[in-house]
Every structure is written in structure tokens, then in C-alpha cells.
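Spelled out, the chains give:
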Amino acid sequence: MSELFDAVDALVASRSPLPPPAERKRLRQAHALTLDEVAAALDVRRATVSAWESGKTETRPPQREPYARLLKQLAQLYPAAESTAAPQEDTPAPKTSSGPAPTAQTQPAGEAVEAATATTPGTAPSAVSVAAHAPGAASRPARAVRQPQTSRRPGAPKAAPAGTPAPGSPYAHGPLLVLDADTERNVTGYGIGGLILDVPAKSLPALVEWTLTEAQLGAERLHGSGKDADPLLVLTEAACERYGLPAELSESERLAGRLPEGHKVIKQLKRADWQLTKRGLGPWARIYRPAQGSRRQCVQLCIPSWHALDDRAWGHAAQLQPAELARVLGVYATRVMTPVGSTAVTGLELMTALNPPTRASEPDADGHRHAEQRPGSLGTQPVDPAPCEATDGHPVLAHLPRFHVRGPGERLFEEAYDWARDLTDAECMQRYLVGIDVNLAFGAAANGAVVGLASPPVHVTNPVFDASAPGSWLVDLSHVDLSRVKVGKQWRELDADLLPSPFTPTGERPEGPAWYATPTVAYAVELGYDVAPLEAWVRPEGGRFLDGWYKRLRNAYVDTMADLGVAEKLAPHQFLEAMDGYKQRDAELAIVVDAVKMTVKGGIGKLQEKARGGGWKPGQAWPALARPTWRPDIRATVISRARINMHRKMLHLAAATGRYPVAVLSDCAVYAADGPSPLDVLPYDADGKTVPGSFRLGVSPGMVKHEGTQSVLWGADVLEQLGADGKTANLARYIKTGEVTAKDTGE
């Protein structure tokens, strides 16, 4: 019998005990650790740590021991305060009437709706949980009455949905609310996880005050040195009218992008000592009071009926019902970040949120801390670009003649592919044209990219090329001959006429010296050719600034695709089957997927935001230049890597199979094939393996999906129809739908 006891003791000792899920989150937050930091230390995904903290899953070896060690050390640093309050049973609160002096009434057992006693000052609004996505539900959800601050979503002990704040969090009701008003002018707020709140505020200033004092809205910082996200209120047309705002902007207001300063609601805000940022009260607005110490007082507004949600990024989200819109924006907020404007603006802000410019210093002699620049960040001050990197009209180019047009020897021009050629006779004999599209191509290119940080560029004459140095290089690459290149370190003979040049967006072979980003020049060396730069603008300080940004967006994309039934590591045929009609499985999550993709693309584009507005003149600074994140050199590096990655995959496929693309548009390539499937283009074997270094089917960023298939006859008709001035129509632009009039979305 003692052997059995020994075996039981050994079994117990083999697993270190862990504190309850809520305590795990408390300890992490007490030490200002983010989910990403803990996930990186334990070599797991962010979602895994979140699941441990919500109790959705339990920690298993080999991560259990180090995770237990982490929590044990944090518990020693931050012991839990002993609670003096008596434990409360998980029972529904008595329902109250709507009269001025509510009287408690007894609820029958199994009643579906929880209610609570009337609110007194300092208590939080009520929270009623309903299905977040209930197709066919026509009736408006029952209104909630307020309950004490200790209340939570009913329905325990059921696990909270992913991303739902844990009980006890300062943001217990999540990052945002979608506000709607009924015919009686009562306002309801819809949050994440099916949350419904009763909103008592009668004016916009009162709404802002309520949001900051009672609503428990916001989101935790994404980095220990960053700041928490401000609460977001999304106003429907009915809510706008309830708070004195127009349901739609007039033509003049739409052109101005805001309400006039004399509007009555803006006057109400000013009388209550609230301020608006420079962009005023427009589709995306920030209402704030100056910070007091470390406490921020800011609320964001999003007004879909004022075109806050661009249909290119958010599809039909603006037409959704409040609960459905709350689900869409809530999933995006928890997986990416709380929106702060368009997806492009949010993508740019995400870079700073994940890599803040400053941190708290070590205590000085007096024990005080101060802000200091974080290593690996872009710092707090903008950096002027090199002249070759500057966009036309930039102040560093003010010395140029007014109508001067810069050529390749004066301007860095790293853009995505737009290349096409005519079909060969052999390709005309095949039946189909198959388009394959790279998932999150710019995101995959950002991963691992070494970019310049806070130091200004340094000019060098006749430098020795260094592939590890971020910068721009003036070099002649016209001698690189694609008919004989190294592929996988072996020289191979190829048909250069059927491939685009990797060095220009148009795919044309360069002529003479031109400016290129480091990845482009490094690829020429990879192909087996020597390079001799004439000049360079290099940055002495470099780092992988975008890695965290990529990982955040990659996980958001992959997790949402998994929710839509498209998981990672599927066999090629299984992946194609899962992708077939995936957006129809959940139209709301499909919106989130598209928004994540546009966040990647728009965030990279915002690094080089151009001057806008009628008053700007060439040579003058524009507002975007004041940002440390106005970095055209970083944008050029990412786009260069994306184009080179695309060419490398096409090169490996051509070397292994003799198959060449007929058109390339950004991250989409079109091939002629005998069958309609990508499997008729990509040579997978029985074990699910394909050409190393080439295209692979899958959901992960950098892998490819099926973009569309049309017939070769269709392609010949398009080429004939659109062929003019010696130019060849790009079939990749129309391969998805086959409609020549289809709008080019850049996908």
C-alpha cells in the first residue's frame, strides 16, 4: 500500500500548483507585464496565456513549471490584499421597478433577466449578457436597470468569451460600447461578449463624464511602458439625435470633416470644461481634459453615419445592428487594439502602442524617475529623411526647381509589383489562368525587417555594401541577368523574358544607377552578382521595430480565420476546401478579417503620409512630418522585402517546374495551367510537400490562397480589349471576379 501512496505523492509533486485564473492576471498586471511579454518568455501564443488567465484552458508541461515559477515570484512581490468583505453567493439580484422609489420584487426561479437595486452615486451601470450574435432576433433586448459595482455578466460558471475582461478589471465592461436610443429617448450600450448597459447620461458632456467615472470602459496597455487605451463610444443615428448631433453631416460639414465650432453640442462641451483635439468633432473625435498626473481623461467617439467606418476596410459594418456592430468592433479591439480612426491610422498607432518611445528611468540620486528613450523605439522626435527618400514637396527638397522631376538616380522608388506580359503560344494552349494571393504580404515582409530607428541617416560615398545596414543605396543593378542566377546557391538557367525584374515595380530591367533599399540590393547579391554602390544613406542605429506589430496582427488574422473554420497546418486540399465560402460562415467575423488586412496595408502606407489640404505648398512642412512615425525609409524597406519575397517564390517555382507568371499585381500572381485549382500550378507531392522556397498553400502570412480562376480565352479577350499604347493589361487585377470593370482593391 505504501508504494501506492508514494506513487500518488510523486504524481502530485510532478505538477506545481497554480493560483486561480483571476489571480494569475492580477499578478501579471501588478508587474506591468503584457500578455505578449509573458507569451514570448514561455514560447507560447498570446491567446494561450489569455486562456490560462480566463480559466478557459489549464497550463500543461513543459510550460507549467516555468509559468508556476513566474507566478510564485510575482506573488512574493505583490501579495494579495486580504479581503474583509463577506463572500457573496452567485444569485440574481432582486428586480426593481422603474418608478422613482423602486421596491424589490421576488423573481421566479430560472428567470432569464437579472436586475438590481437602484443606482446610487459611485455605482456602476447594469450589465446584462445576451447572445452576441443572434441571427433572426427581431425584438429589442430587454432594457437593463443598474446594479452594484460588484455585479458581473450573469451566466457563471460558464467561461468568458475570448477577450472578455476578467472580473475585477478596471475595464470590466470592455474597450467600447455601441450606443443606441429608442423612441422614448432611452439609451442602451452594447458591448463585447453580449454585454448590455443602461446609459443614464442625458447630454454629451454627461455621457463623457459617465464613461470615465462609471462605465468601466477601456483596455489595458499593450506594452508595460505604454498607456491604456481610451474608451470608445460608437453612436448610432438614433444616439446622435438623442445627444443633439446630426444623424448625417451636411455637404459643407462633410468636406470640412467636422461640425462647425459654433455647434450647440461643442458649446456644451466647452461649458463643461471638455476639449476637442485639432480634428474637432468629426467622424472620429477625442474629447478630453488635460491629464492630472498619470490619470488620463479622454473618450473617443466613432460615428458610423458620418462615414467613420470606411467600406473599403469595414464593408457593411456601418449598416449592422448595434449588438452586431459591437461584436465586430469588439473582436477587432481585443485582437488588434481599440480603433482610434481609420484602419490605417489604427495600424500606425499600433506600432507605437507595442513599441512606446519612452520608459521610466532607474531612480536618480533623489529616488525620482523620469522618462527616457526606450531602446529599439523610434524616439519622441521626428527624423528628416535622406533626400532620396523624401517625397516630392518635402522641405529637404525645397532647393530643387519648382517643376523638377526626379529620376531613379535622385529618388528612392520602392513600390509593389504591377507587371504583366503577353501569353506565350504554349500558355495559349492551356485552359485556365489561376491567381494565387499571398496572405498579409506586407505583414510577412515586416517580420524580421531591420529598419532605421531614432538616429538620422548618414551620407557615405563609395561605400562597401552591408546587407545588415538599413538604408538607401545608389547602385547600378542593370548587370544582373535573370537568365543565369543562383537559386538556392546553385546557378540555374532561366527564361528571363518571362520573369519580371526584382528591382523595379514595373518589372522592367533597370538602366544605370538608381536608389534602392537595403533588401533590394541584398537580393542582387543573393542572385550571385557583385554590387558596387556609388553613394548611400545609412542609419547607424537599426532594429526589428515592426516584429511585435507583425505578431499582433498575424495572431489577429490567424485566430479570426480559425474562428471561420480555416485553421493552420491544413493539408493543401483541406485548406482549399476550408477557404471555399469561408466568409459566409460568419459575415461579422469576415468583416474583422478584412479590417485586419487593411490595418496591415494602411499602417505601412501611413509611414509615408502625403500632404493634404488646399493650403499646402511644396517646400512647406505638413502635419504628418511632426510624427516620429513619418518614416518613408521604413515603408520602403517593407515594400522592398514584400516584392523581393514575391520574386524569390516565383524564381524557385520557375527553376523547379519551368512555370512562369503571366501577371503580378502587388501580392497576387497569375499562372496558366491545365486545371482550375492552385494545385494545378503548385507541384505538391503525396506527402503534401512542394518546391522549397516557393509558394505554399496555407492561412499563415506569407503563404498563399486561391485568388480566382478564369479561362485562357477570357484572358486573351481582356488583353485584346485593354491593350493600348504598347501596354499589356494586368490580368491579376481582374482574375478574382473576371469583371474588367471591377475596382482594384490592391489585394
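Look up a bit, the structure's there.
What counts as what
- Numbering of residues begins from 1 in every chain and follows the order in which that chain's sequence is written.
- Only residues with pLDDT of at least 70 get local features here, since the model is predicted, and only at 80 or more are side-chain atom pairs given and counted; chain-wide, interface and lining totals rely on the full set of residues.
- Side-chain metrics rest on all non-hydrogen atoms present in the structure, leaving aside hydrogens and water.
- For Phe, Tyr and Trp, rings pair up if their centres lie within 6.5 Å, where Trp contributes its six-membered ring, and each pair is then called stacked (planes under 30 degrees apart), edge-to-face (over 60) or tilted (otherwise).
- In DSSP terms, a helix is any run of H or I states spanning at least four residues, a strand is any run of E spanning at least two, and both are numbered starting from the N terminus.
- Only protein chains enter the accessibility calculation, which uses a 1.4 Å probe; a residue is then buried when its area is under 20% of its type maximum, exposed when over 50%, and partly exposed in between.
- Comment: the charge-over-ring label is applied if NZ (Lys) or CZ (Arg) is within 6 Å of the ring centre and within 35 degrees of the ring normal.
- Expected helix span is given by 1.5 Å per residue-to-residue step, counting one fewer step than there are residues.
- Polar contacts here mean pairs of N or O atoms no more than 3.5 Å apart (in protein, one a potential hydrogen donor and the other a potential acceptor; neighbouring residues in sequence count only if both atoms are side-chain atoms).
- A pair of strands is treated as paired once DSSP finds two or more bridges between them.
- Angles here are taken between N-to-C directions and fall from 0 to 180 degrees, while the axes themselves are lines fitted to C-alpha atoms, restricted in helices to the stretch in contact.
- The contact criterion used is simple: two residues touch if any of their non-hydrogen atoms lie within 4.5 Å.

Trainee: Please explain the packing of aromatic side chains as it appears in this structure.
Mentor: Aromatic rings in a pair are described by how distant their centres are and how their planes are angled relative to each other. Considering all chains together, one arrives at eight aromatic pairs under this definition. Each ring, one from W491 and one from Y529, has its centre 6.0 Å from the other, and the planes form 80°; the classification is edge-to-face. Within this pair, whereas W491 is found in strand 17 (residues 490-493), its partner Y529 is found in the loop between helix 15 (518-526) and strand 19 (535-538), the two being separated by 38 residues in sequence. W491 sits in the partly exposed class, given a relative accessible area of 35%. Assessed through its relative accessible area of 15%, Y529 is described here as buried. Plain terms: the ring middles of Y671 and F695 are 6.4 Å apart, the flat faces sit at 75° to each other, and that makes the pair edge-to-face. On the criterion of sequence distance, the pair formed by Y671 in strand 22 (residues 668-673) and F695 in the loop between strand 22 and strand 23 (704-711) is long-range, its members being 24 residues apart. On the basis of relative accessibility, which here comes to 1%, the residue F695 falls in the buried class. The structure contains a cluster of three or more aromatic residues connected by ring pairs, namely W616, W622 and W630. We note R242 situated over the ring of Y243; from NZ or CZ to the ring centre the distance is 5.7 Å.

Trainee: Mind showing me how you'd approach helix 19 (residues 587-606) here?
Mentor: Since the α-helix packs 3.6 residues into each turn, any two residues three or four apart lie on the same face. If you check helix 19, its first and last C-alpha atoms are 28 Å apart, about what 20 residues at 1.5 Å a residue would give, namely 28 Å. Of all 20 residues in helix 19, 15 are buried, a share of seventy percent or more. Where helix 19 begins, the capping side chain belongs to D586, and its oxygen is found 3.1 Å from the backbone nitrogen of E588.

Trainee: Can you walk me through the sheet that holds strand 15 (residues 471-476) in this structure?
Mentor: The strands that make up a sheet are held in pairs by hydrogen bonds between backbone atoms, and each pair lies either parallel or antiparallel. On the basis of which strands lie adjacent, the open sheet formed by four strands has the order 14-19-15-18 and antiparallel pairing. Each having just a single partner strand, strand 14 (458-461) and strand 18 (513-517) make up the two edges of the open sheet. Here the strands of the sheet are splayed against their neighbours by 20° on average, with no regard to which way each runs. Each of strand 15 and strand 18 is contacted by helix 15, which is oriented at about 110° to strand 18, the strand it contacts most.

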